[in-house]
Amino acid sequence: GSVACCPALFLSAPASRSGKTTITACLARLLHRHGKRVRVFKFGPDYLDPQILERGSKAPVVQLDLWMAGEEWCKQQIYRAVTEGKADFVLVEGAMGLYDGDDCSD
């Protein structure tokens with residue numbers, strides 16, 4: 001297949017409620033204000049965060065879910081954003097936190 005390139009950043013945090021969506025939306029808005037075409041992706045099914053991220057990026061947000069949609073579909077969505085959507089920058093916000101569900105008391 002063909003290759004598509006643009007800068008991309010994956011944003012995550014140690015735990016839920018750490019401000020990932022706020023940071024991602026602010027970064028998307030900053031890039032947009034600097035004339036960049038920003039495409040934002042959100043991992044996992046979510047109702048509210050994509051709406052916030054769309055306001056920041058001024059573009060539709062695609063939700064990526066490896067379990068429900070599969071890896072190939074997720075890859076295709078990012079590829080299409082870069083090639084068809086002419087994205088200058090891709091932001092991907094992770095779901096929950098890196099250590100959610102991990103018993104840290106051990």
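Predicted, not measured: the structure shown is a model, and the values here were computed from it.

Conventions adopted
Residues numbered from 1 in each chain as written. Predicted model: local features only at pLDDT ≥ 70, side-chain atom pairs only at ≥ 80, totals over all residues. Heavy atoms only, no water. Helix = DSSP H or I, 4+ residues; strand = E, 2+ residues; numbered from the N terminus. Buried < 20%, exposed > 50% of the residue type's maximum accessible area, 1.4 Å probe, protein only. Pairing = 2+ DSSP bridges. Right-handed = clockwise from strand over helix to strand, strands pointing away. Core = buried A, V, L, I, M, F, W, Y, C linked by side-chain atoms within 4.5 Å. Contact = heavy atoms within 4.5 Å. 1 Å grid on protein atoms, 1.4 Å probe; cavity = no way out; pocket = protein on both sides within 12 Å on 5 of 7 lines; lining within 4 Å. Points joined across faces, edges and corners; volume = space filled by probe spheres on them. Nonpolar A, V, L, I, M, F, W, Y, C, P; charged D, E, K, R; others polar.

Time to look at the environment of W67. If you trace the backbone, W67 turns up in helix 3 (residues 66-69). Judged by relative accessible area, which is 79%, W67 ranks as exposed.

Sheet faces and side chains relate simply in a regular strand, where the side chains alternate between the two faces. Of all six residues in strand 2 (residues 38-43), five are buried; the element is thus mostly enclosed. In this structure, strand 2 lies alongside strand 4 (residues 89-93), joined through five bridges in parallel fashion. Each bridged residue has a counterpart across the sheet, and for V40 the counterpart in strand 4 is L91. As defined by bridge partners, strand 2 adjoins strand 3 (residues 62-64) across three bridges and the pair is classed as parallel. Bridged to K42 within strand 3 is Q63. Handedness of the strand 2-helix 2 (residues 48-57)-strand 3 crossover: right-handed.

Turning next to the nonpolar core. With 10 residues, the main nonpolar core is built from L11, A25, A28, L31, V38, V40, L53, V61, F89 and L91. Here the element with the most residues in this core is helix 1 (residues 20-33); it accounts for three residues. Residue contacts for V38: discarding those within four places in its chain leaves A28, L31, H32, S57, A59, F89 and L91. If you look at the next biggest cluster of nonpolar residues, it comprises nine residues, including L64, V82, A87 and V90.

Size it by volume and the largest pocket reaches roughly 190 Å³. If you trace the largest pocket, you find 16 residues lining it, with R17, K20, T21, D49 and E93 closest to the centre. Taken together, the elements giving at least two residues each to the lining of the largest pocket come down to helix 1 and strand 2. For the lining of the largest pocket, the leading source of residues is helix 1, giving three residues. Of the residues belonging to the lining of the largest pocket, the class tally is four nonpolar, six polar and six charged.

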